[in-house]
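Letter by letter, the chains look like this.
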Amino acid sequence: MIPHRYNEETSLLLQQEQVIAAKTPLPWDQFWIILVLHFSQSLVFKTLAPFIPQLIKDIGVTNGDEQQVGYFVSFLDLSYYVPQTLVVLYWSRLSDRIGRKPVILTASFAIATTMISFGLSRTFRGLLVSRVICGAFNGESGVIKSMMMDITDATNLPKAYGYVPLPSMLAAIIGPLVGGSLSQPADRFPGIFGQSEFLKTYPYLLACAVPALCSAILWLVMYFRLKESALTKAPFLEMMKQWLSQRSYLKRSALSRDTLIGSLEANTEEVSSKSLSAILTPKVLTVAASSGTLTLFLVAINKLVPLFYATPIEFGGVSLDPPRIGVIFATAGFASGIFQFLFYARLHDRLGAHVIYMTGLGSSIPIILLFPVINALARAHGMSFATWLAIGVQHVLIIILDMCAPCIALFTRAAAPNRASIGATNGVVQLVSGAARIIAPVCAASFSYSMQEGRDAWLAFYFYMGLAFLAIGTSLALPRDPSLWEERD
């Protein structure tokens, strides 16, 4: 079901009051596809994480220098996030004109093809090209959120967000197991793959093929089953003809791209929304800043943890191999998904979004302090019970930190000037978060920098402390309850 259109001055609070007596059921005929999209998107990152450090070592780009691995891992992550951030607004606006479905199909095709090319790459340049293309054509993240808002209303959107951790949890379980177990299959399973010269030549192709196959199957499912959820759209061929026609006379007529967009939108039915300057209110900027700093810290921590595990003990890590890293991430992903699914809604009803958000940010400090503690225990006792206990406590704290993400979604909705501007508001927040994702992999490189001879081993942890306090500082302007922002004049 697609919600009815609302006048641009209609407040979200009034809409909620009008439908509070009758909650709309979730449209499962379409919502399950959105959940599978979340799974497919998460599976790529969770599959790559366990073996990326080893892959960097194998291709020889570091010339045997273990301390340089972190730099190249960060640069590889950066090659995905930079192009994705540069085009996030383009894909979001394009989905408003030609529909969500063509953009999602393009993204799934890009993921499938680039994951295969990534597994076939034997040079660092080939890895970079694959990730750049994937980032440039993957407009899923922002459009998926728009699709959720298209097919839900104020009565069932919170319930919809309650299901979102489930596909991420499954990806967090399956992805690390796939990446850790199916990388270098000829060495790990000589009885099955030991005779395959192809898999010896491309030892990471089998692991990359799993998310690629998932995206390919999902592409077929969406092509036949996914319904267009955008309220307005222009035919794609007509849009391209008009664009090419306007382009040929661009210099002579000085027509801007916005003029072309306006001419297309004039021929379509469209819900009125506020201008960009009207959307950039103090509330929206506050949420964008909080989301950006939270994303910066979350992504940086998620990049640091596998790097820390794979780094030799003498250089500040714990010397774990990809299979063990995969099991750790799979276990932690399962625990995080189950905890949020079972307890987040109850905690939210009892404590509120602000308390949960601040508690999650507060857990960031002990998370950082546990890195040197774990390394000290590994140096003194090896991978003993005490070392594994410290790793377990750290992941429990990360689970608490993960609960900040759904809170940001609630603040984003509350900050929107009206319902017609929710998509644009979400776009602003996604843009800031995308910029944070670009910076975050560079932050993880601080760990490799601090390991160099003559450097302070605590330098990286001081830096991460600064990121944590920055996230806490930007959150102080958030209201005690998102509903306080929805009480608009």
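Let us now look at the nonpolar core. The biggest cluster of nonpolar side chains holds 84 residues, and the ones touching the most others in it are Phe 51, Ile 52, Phe 118, Tyr 309 and Tyr 464. If you tally residues by element for this core, the top one is helix α18 (residues 282–310), at 16 residues. For Ile 52, the contacting residues outside a window of four places in its chain are Val 73, Leu 76 and Phe 118. Judged by nonpolar contacts, the second largest core, of 25 residues, contains Leu 35, Val 103, Met 148 and Tyr 161.

Take helix α7 (residues 140–151) next. For α7, built from twelve residues, the straight-helix expectation of 16 Å at 1.5 Å per residue is met to within 8% by its first-to-last C-alpha distance of 16 Å. Across the twelve residues of α7, eleven count as buried, placing the element largely inside the fold. Three or more residues of α7 are buried, namely Glu 140, Ser 141, Gly 142, Val 143, Ile 144, Ser 146, Met 147, Met 148, Met 149, Asp 150 and Ile 151.

Residues of the protein chain with pLDDT of at least 70 account for 81%, and the chain-wide mean is 79. The low-confidence segment residues 1–21 (pLDDT under 50) makes 46 contacts with residues lying over four places distant or belonging to another chain. Contacts of residues 246–272 to residues separated by more than four positions or lying in other chains number 31 contacts, the stretch itself having pLDDT below 50.

Now for the packing of aromatic side chains. Taken as a whole and judged by the stated rule, the model has 21 aromatic pairs. Between the aromatic rings of Phe 75 and Phe 124, the centroid separation amounts to 6.3 Å while the plane-to-plane angle is 25 degrees, which identifies the pairing as stacked. Pair noted here: Phe 75 is in helix α4 (residues 69–98) and Phe 124 is in helix α6 (residues 124–137), with a separation of 49 residues, a long-range link. Looking at Phe 75, the relative accessible area reads 46%, which means it is partly exposed. Residue class for Phe 124 comes out buried when judged on its relative accessible area of 13%. Taken together, a centroid distance of 6.4 Å and an interplanar angle of 70 degrees make the contact between Phe 189 and Phe 193 edge-to-face. Phe 189 sits in the partly exposed class, given a relative accessible area of 32%. Judged by its relative accessible area of 21%, Phe 193 falls in the partly exposed class. An aromatic cluster is present here, built from Phe 308, Tyr 309, Phe 329, Phe 371 and Phe 461 joined pairwise through their rings. Lys 101 extends its terminal NZ or CZ atom over the ring of Tyr 223, reaching a point 5.8 Å from the ring centre. The cationic tip of Arg 122 hangs over the ring face of Tyr 202; the distance from NZ or CZ to the ring centre is 5.9 Å.

Parameters at a glance
In every chain, residue numbers begin from 1 and rise along the written sequence. Residues qualify for local features only when their pLDDT is at least 70, as the model is predicted, and side-chain atom pairs are given and counted only at 80 or more; totals for whole chains, interfaces and linings, by contrast, use all residues. Only hydrogens and water are set aside when side-chain values are computed; all heavy atoms of the structure are taken into account. Here, nonpolar core means buried Ala, Val, Leu, Ile, Met, Phe, Trp, Tyr and Cys residues that are tied together by side-chain atoms lying within 4.5 Å of each other. The buried label applies to any residue whose accessible area, calculated with a 1.4 Å probe on protein chains only, is under 20% of its type's maximum; exposed applies above 50%, and partly exposed to all values in between. Strands here mean DSSP runs of E at least two residues long; helices mean DSSP runs of H or I at least four residues long; both are numbered from the N terminus. Contacts are assigned to residue pairs with any non-hydrogen atoms lying within 4.5 Å of each other. Between the first and last residue of a helix there are one fewer steps than residues, each counted as 1.5 Å, and that sum is the expected span. On a range of 0 to 100, pLDDT expresses the predictor's confidence in each residue. The rule is short: rings of Phe, Tyr and Trp, with Trp giving its six-membered ring, pair when the centres are within 6.5 Å, and they are stacked under 30 degrees, edge-to-face over 60, tilted in between. Charges are assigned to positions over rings by a cutoff of 6 Å between ring centre and Lys NZ or Arg CZ, combined with an angular limit of 35 degrees from the ring normal.

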